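Chain by chain, the residues:
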Amino acid sequence: MTKPLSSQLTLMDQFSVPKIPDIVKLETGQRLVAIGDIHGDFDQLRKALVISGVLDPRSTNLEPIWTGENTICVQCGDILDRGDGELACYRLLADLARQAHSQGGALSLLFGNHEGLNIEGLFQYAWKEGNAEFEKDIGQTVDEALGFKSWRIQFAGNQPSRWAAMEPGGLFAAPLLSSMKVAMVVGNSVLVHGGLTMEHLKYYCGIEEMNRVAREWVQQMHHKYTNHLGNYESVEEVIQAAQGRIDTTSKTLPKCLGGKGGETAPVWVRIYSSPSDLPPQNPLAQKMIDAVLSELGIDRMIMGHTPQKHINSALENKAWRIDVGASKGMGNGNMEVLEVTKNADGSEDVFILNQNNRIPALDRKIIPNSYFD
């Protein structure tokens, strides 16, 4: 049996997310809400969705109810790692995404650097509780569907359930990963996990091509080491095959997901978000973000990746940093989300939402040190 598990099993409908365009225009009165890094913290995800006004707080985890009407909700990556409820988070988001799609709204998921790591088979940031969740929800399901457990051997003890789900062409490729984006434009905002530069846009000739490359790559299995029956002659052969699986995936990984120089990829770069809670350290950051926004014809970039004490904007209100380190794996920060609403005159209002307040954008603007010189 050398075909991918995904070609033999159709068990992942609960994680299916509808595909939406890479560029979405807002209608008058329509909202965009952006949610930062979650890292497997289901309770904090629920809190973010309730604060955003897209999840009925009275609804259950098994039967969540979308209340966002035509709201566009974007989760900006890093659902995975450092948590114990990664699959529960994906299941909730997928359920709401399907409901939103049927009601004229949308819920979209972006790739983060931790999704990229998991896709490569690199699980050093995964918690044992998170691995146990994959084993229970994915591994045992595959065992029952196939009627044997030898499919696990090919992964050489490196979290077979997680790897089988997340690798390119794997169990999550078609229902979930193929619907995720590196970046998207909603109204006058571009959303991305780490950041976008002109180099990214030029290399891919725009966001749509960038997303197409990522989407097509993640749906294809790029190695030839599939062996569900576990027919190996030695332990060394198993280890070599598993390493070949990783090496092939890493070599073919698109630049936009961290291949060929990871730290400069849209899912990894920190040009506009570091240091936390201060103006960006890179002296070229303002010119760089100005160029990207001018090229796209929009006003702001919304990003996660670098934890802040609270949501803030830098670079003349153009760089919105929305990762607040809210998960228990990242410090239990206070959950906040960003809301953008289109006005009748075409302008957009920006507010920060938390459990108690709706905070105007100007209250969270980071003032550069040169302002006081």
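Up top you'll find the structure we're talking about.
Residues numbered from 1 in each chain as written. Predicted model: local features only at pLDDT ≥ 70, side-chain atom pairs only at ≥ 80, totals over all residues. Heavy atoms only, no water.

## Quick word on helix α8 (residues 235-252)
In this model α8 runs 26 Å from its N-terminal to its C-terminal C-alpha over 18 residues, within 8% of the 26 Å that 1.5 Å per residue would give. Of all the residues in α8, the buried ones are Val-238, Ala-241, Ala-242, Gly-244, Arg-245, Ile-246 and Thr-249. (Helix = DSSP H or I, 4+ residues; strand = E, 2+ residues; numbered from the N terminus. Expected span 1.5 Å × (residues − 1). Buried < 20%, exposed > 50% of the residue type's maximum accessible area, 1.4 Å probe, protein only.)

## A few points about the sheet that holds strand β10 (residues 337-342)
Ordered by their spatial adjacency, 6 strands build an open sheet running β4-β3-β2-β10-β11-β12, and the pairing between neighbours is mixed. In the strand order of this sheet, the two ends are held by β4 (106-109) and β12 (358-360), each with one partner. The average angle at which neighbouring strand axes cross in this sheet is 25°, direction not considered. Summarising the sheet, strand β11 (residues 348-353) and β12 pair through 3 bridges and their orientation is antiparallel. Paired with Phe-351 across the two strands is Pro-360, which belongs to β12. Helix α1 (residues 42-52) contacts β2 (31-35), β3 (72-75), β10 and β11 of the sheet and is inclined by roughly 160° relative to β2. (Pairing = 2+ DSSP bridges. Axes fitted to C-alpha atoms, helices over the stretch in contact; angles between N-to-C directions. Contact = heavy atoms within 4.5 Å.)

## Overview of helix α2 (residues 86-102)
For an α-helix, the turn length of 3.6 residues means that residues three or four places apart are oriented alike. Relative to the 24 Å expected for 17 residues at 1.5 Å per residue, α2 spans 25 Å between its end C-alpha atoms, a close match to the ideal helical length. Among the 17 residues of α2, 12 are classified as buried, and the element is accordingly described as predominantly covered. Taken as a whole, α2 has its buried residues at Glu-86, Leu-87, Ala-88, Cys-89, Tyr-90, Leu-92, Leu-93, Ala-94, Leu-96, Ala-97, Gln-99 and Ala-100. Structurally, α2 contributes buried residues whose contacts are with α1, β4, α3 (113-120), α4 (128-146) and α5 (160-166).

## A look at the environment of Thr-248
Among the secondary structure elements, Thr-248 is positioned in helix α8. Along the sequence, Thr-248 and His-222 sit 26 residues apart, while their C-alpha atoms lie 6.6 Å from each other. Within the structure, Thr-248 has its side chain in polar contact with the backbone oxygen of Gly-244 (distance 2.8 Å). (Polar contact = N/O pair within 3.5 Å; in protein donor to acceptor, adjacent residues only side chain to side chain.)

## Regarding the pairing of β3
Here β3 shows a buried face lined by Ile-72 and Val-74 and a second buried face lined by Cys-73 and Gln-75. Pairing of β2 with β3 involves 4 bridges; the strand directions are parallel. Within β3, the residue paired with Ala-34 across the bridge is Val-74. In the classification by handedness, the crossover that spans β2, the intervening α1 and the parallel β3 is right-handed. Bridging between β3 and β4 involves 4 bridges; their strand directions are parallel. By the bridge assignment for β4, Ile-72 is matched with Ala-106. After leaving β3, the chain enters α2 and then returns to the sheet as β4, a path that is right-handed. (Right-handed = clockwise from strand over helix to strand, strands pointing away.)

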